[in-house]
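As a plain string of letters, each chain reads:
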Amino acid sequence: MTPSDAELVRLALAGSQEAFRTLVSRYASAAVNVAARLVRDRALAEDIAQEAFVRAFARLKTYDQERKFSSWFFQVLHNVSVDHLRRRRLETASLDTLQADGYPGPPTDPAASPEAAAERTALGSALTTALLRIRLAYREPLILKYQQGLGVEEIAEILNLPQGTVKTYLHRGRKELADILAAAGWKP
Amino acid sequence: MGIPQWNEEDDAAVEAAFSRLFSTLPAVEPSAGFVQNAVETAWDRSARRQRWLHWAAAAAALVVVSGAPAVVMLGAPAWVVLTAAQVGAGAVMSLIWSATAVAELWGLMVSAGSAAARVAVMPQSVAALVATELLGAAALYSLHRLLRDDVRFRSSGPLCF
């Protein structure tokens, strides 16, 4: 039986390195993916994700086990990312830079035609670029909602914002994203 | 595959379209050693913090245990004396005023007591006191005699004219 996040936290607090390793394995991919959408390069995204895990471990005692661990952890990740972005004013990255930094191509459906797969790859790349061009305030809720599949309530908790503000940011973010993609030649 | 309409009337359709759009994002997988590095860094930093806390506690205890006697024995540095004087002066000011008032009152009482004692021990004063006492005694005796005669006169029986 797979232990729950709360059980792993209890074991980690009791000194189990293995429990914490399981917890990190469970959220590593999500953490790196979210961080990668907020900053321009992959290595930096890994650094931010790692710092989030280290900070989370240091503050594990403050985690309220009534809450979802994912919400709490994404909140830590958000704080680490914001701290980093405040320290370094990041430029928007070009797609070429991102690909040179080691971003893999978008996921492709093996059953899809070569044309459809190529279009999907191109759209994924365009979306990556577009995301880096919109405001961080809009970008983060979009990523948490559409990439991580979180609800508005959870996003509001993570970003420490009212739900109405999150909904507004999502609405404006969608509009900006659609405008950028349309300007790049992508039609509905 | 096109981009979704961001402002469609149907919210569910917009949500579904954007979810599909985001599924095209290239996944960024963490490198092979990421988990191991994160766990080791977390553990090392936690151990380092614990060591620092222990050292800090030991240092604080050492300062308290050895610092206070050292200050007493070796003499406090000038800034310690100055700071203590500044803090002490402010806090003790009202106490000093109160003590001054009490001392002044005590001084007045002492002066009054001394004056009374000095008067009492003077020979003339003693003579005056004795004379006053004797005069008082004589006055009392005379009054007593007058009152006795008066009582005798009153109890001589009913007046007969």
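Definitions and limits used
Along each chain, numbering runs from 1 in the same order as the chain's sequence is written. A letter from A marks each chain and a number from 1 marks each ligand, given out in the order of writing. Whole-chain, interface and lining totals are the exception, using all residues; otherwise, since this is a predicted model, local features are given only for residues with pLDDT of at least 70 and side-chain atom pairs are given and counted only at 80 or more. Secondary structure elements follow DSSP: runs of H or I of four or more residues count as helices, runs of E of two or more count as strands, with numbering from the N terminus. The burial criterion counts other C-beta atoms lying within 10 Å of a residue's C-beta, which is placed from the backbone; the residue is buried at 20 or more, exposed at 12 or fewer, and partly exposed between these limits. By the criterion used throughout, residues are in contact when their C-beta atoms, derived from the backbone, lie within 7 Å. In this scheme, a helix's expected span is set at 1.5 Å multiplied by one less than its residue total. It is the directions from the helix axis to the C-beta atoms that the arc portrays. A residue's pLDDT is simply how confident the predictor is in it, with values from 0 to 100. Put simply, Ala, Val, Leu, Ile, Met, Phe, Trp, Tyr, Cys and Pro go in the nonpolar bin, Asp, Glu, Lys and Arg in the charged bin, and everything else, Gly too, in the polar bin. The nonpolar core criterion groups buried Ala, Val, Leu, Ile, Met, Phe, Trp, Tyr and Cys residues into a set whenever they are joined through C-beta atoms within 7 Å. Under this scheme, a helix contributes an axis fitted over its contacting stretch, all axes are lines through C-alpha atoms, and angles between N-to-C directions fall in the 0 to 180 degree range. Under this scheme an angle from 65 to 115 degrees is roughly perpendicular, one under 35 degrees roughly parallel, and one over 145 degrees roughly antiparallel; angles in between are oblique. For a crossing to be left-handed, the near helix must be turned anticlockwise from the far one by less than a right angle; the clockwise case is right-handed.

Could you give an account of the overall build of chain B, with specific residues and numbers?
A tally of helices and strands in chain B yields 4 helices and 0 strands. In chain B, the succession of α and β elements from N to C terminus is α-α-α-α. Across the 161 residues of chain B, 11% fall into the buried class.

Can you tell me about the overall build of chain A, naming the residues and giving the values?
Counting its regular elements, chain A contains 9 helices and 0 strands. In chain A, the share of contacts with a sequence separation of at least 24, taken over all contacts with a separation of at least 6, comes to 64%.

Report on helix α1 (residues 11-22) of chain B, specifying residues and quantitative values.
A turn of α-helix holds 3.6 residues, and therefore any two residues three or four places apart point the same way. Residues and elements named next belong to chain B. The end-to-end C-alpha distance of α1, which contains 12 residues, comes to 16 Å, matching closely the 16 Å that a straight helix rising 1.5 Å per residue would cover. Within the sequence span of α1, burial applies to Ala17, Phe18, Leu21 and Phe22. Seen from one end, α1 has its buried residues packed into an arc of 135 degrees, which puts them on one side. Exposed residues lying more than 90 degrees from the buried face of α1 are Ala12, Ala13 and Ala16.

Residues and numbers for helix α6 (residues 114-133) of chain A, please.
For α6 of chain A, spanning 20 residues, the distance from its first C-alpha to its last is 29 Å, which sits close to the expected 28 Å at 1.5 Å a residue. Along α6 of chain A, the residues that are buried comprise Leu123, Gly124, Ser125, Leu127, Thr128, Ala130, Leu131 and Leu132 of chain A.

Describe the confidence of the model for chain B, naming the residues involved and giving the relevant values.
Low-pLDDT portions of the prediction should not be read for the details of their coordinates. All names here are of chain B. Model confidence for chain B is summarised by a mean pLDDT of 79, while 80% of its residues fall at 70 or above. Within chain B, helix α2 (residues 34-74) carries the highest mean pLDDT (85), whereas helix α3 (residues 78-121) carries the lowest (79). The ipTM for the predicted assembly is 0.75, set against a pTM of 0.62.

So what about the interface of chain B and chain A? Which residues, and what values?
At the junction of the two partners, chain B supplies 29 residues and chain A supplies 41 residues. Secondary structure elements with two or more residues in the side of chain B that touches chain A: α1 and α2 of chain B. The element contributing the most residues to the side of chain B that touches chain A is α2 of chain B, with 10 residues. A breakdown of the residues in the side of chain B that touches chain A according to their chemical character gives 18 nonpolar, 9 polar and 2 charged.

So what's going on with the environment of Val39 of chain B? Which residues, and what values?
Following the sequence through the fold, Val39 of chain B ends up in helix α2. For Val39 of chain B, a count of 23 C-beta atoms within 10 Å puts it in the buried group. Beyond its immediate stretch of four places on either side in the chain, Val39 of chain B contacts Gln17, Phe20, Arg21 and Val24 of chain A.

Break down the nonpolar core for me, with residues and values.
Soluble, globular proteins show a tendency: their nonpolar side chains are buried together. Val24, Ala31, Ala35, Ala49, Ala52, Phe53 and Leu77 of chain A are the most contacted members of the largest nonpolar core, which has 58 residues in total. If we ignore the near neighbours within four places in the chain, the residues touching Ala35 of chain A are Ala45, Ile48, Ala49, Leu77 and Ser81 of chain A.

Can you explain the packing of helix α3 (residues 42-58) of chain A against helix α4 (residues 69-87) of chain A? Please cite residues and give values.
All names here are of chain A. The N-to-C vectors of α3 and α4 enclose an angle of 125 degrees; their axes lie 9 Å apart at closest approach. In this view, α3 runs oblique relative to α4, as classed from their interaxial angle. The two elements α3 and α4 meet at a crossing, and its hand is right-handed. Mapping the contact onto sequence places Ile48, Ala49, Glu51, Ala52, Arg55 and Ala56 in α3 and Phe73, Val76, Leu77, Val80, Ser81 and His84 in α4. Here the contact of α3 with α4 is composed, by residue class, of 8 nonpolar, 2 polar and 2 charged.

How would you sum up the confidence of the model for chain A? Please name residues and give values.
For chain A, per-residue confidence averages 84 on the pLDDT scale, and residues scoring 70 or more make up 87% of the total. Residue range residues 91-102 of chain A is modelled with pLDDT below 50. Its contacts to residues more than four positions away, or to other chains, number 14 contacts.

Please give an account of the environment of Ser46 of chain B that cites residues and values.
Mapped onto the fold, Ser46 of chain B is located in helix α2. With 15 C-beta atoms packed within 10 Å, Ser46 of chain B lands in the partly exposed category. Not counting the four nearest positions on each side in its chain, Ser46 of chain B is found in contact with Phe57 and Ala58 of chain A.

Please set out the environment of Arg172 of chain A residue by residue, giving values where relevant.
Take Arg172 of chain A: it is sitting in helix α9 (residues 163-183). Separated by 33 residues in sequence, Arg172 of chain A and Arg139 of chain A have C-alpha atoms that sit 9.9 Å apart.

Give a detailed account of the packing of helix α1 (residues 5-13) of chain A against helix α2 (residues 17-38) of chain A, specifying residues and quantitative values.
Residue and element names in this part refer to chain A. Interhelical geometry of α1 versus α2 gives an angle of 140 degrees and a closest axis separation of 7 Å. When the interaxial angle is binned, α1 and α2 end up oblique. Regarding α1 and α2, the two cross each other, and that crossing is left-handed. Along the contact surface, α1 presents Asp5, Leu8, Leu11 and Ala12, while α2 presents Ala19, Phe20, Thr22 and Leu23. Its residues assigned to classes, the contact of α1 with α2 shows 6 nonpolar, 1 polar and 1 charged.

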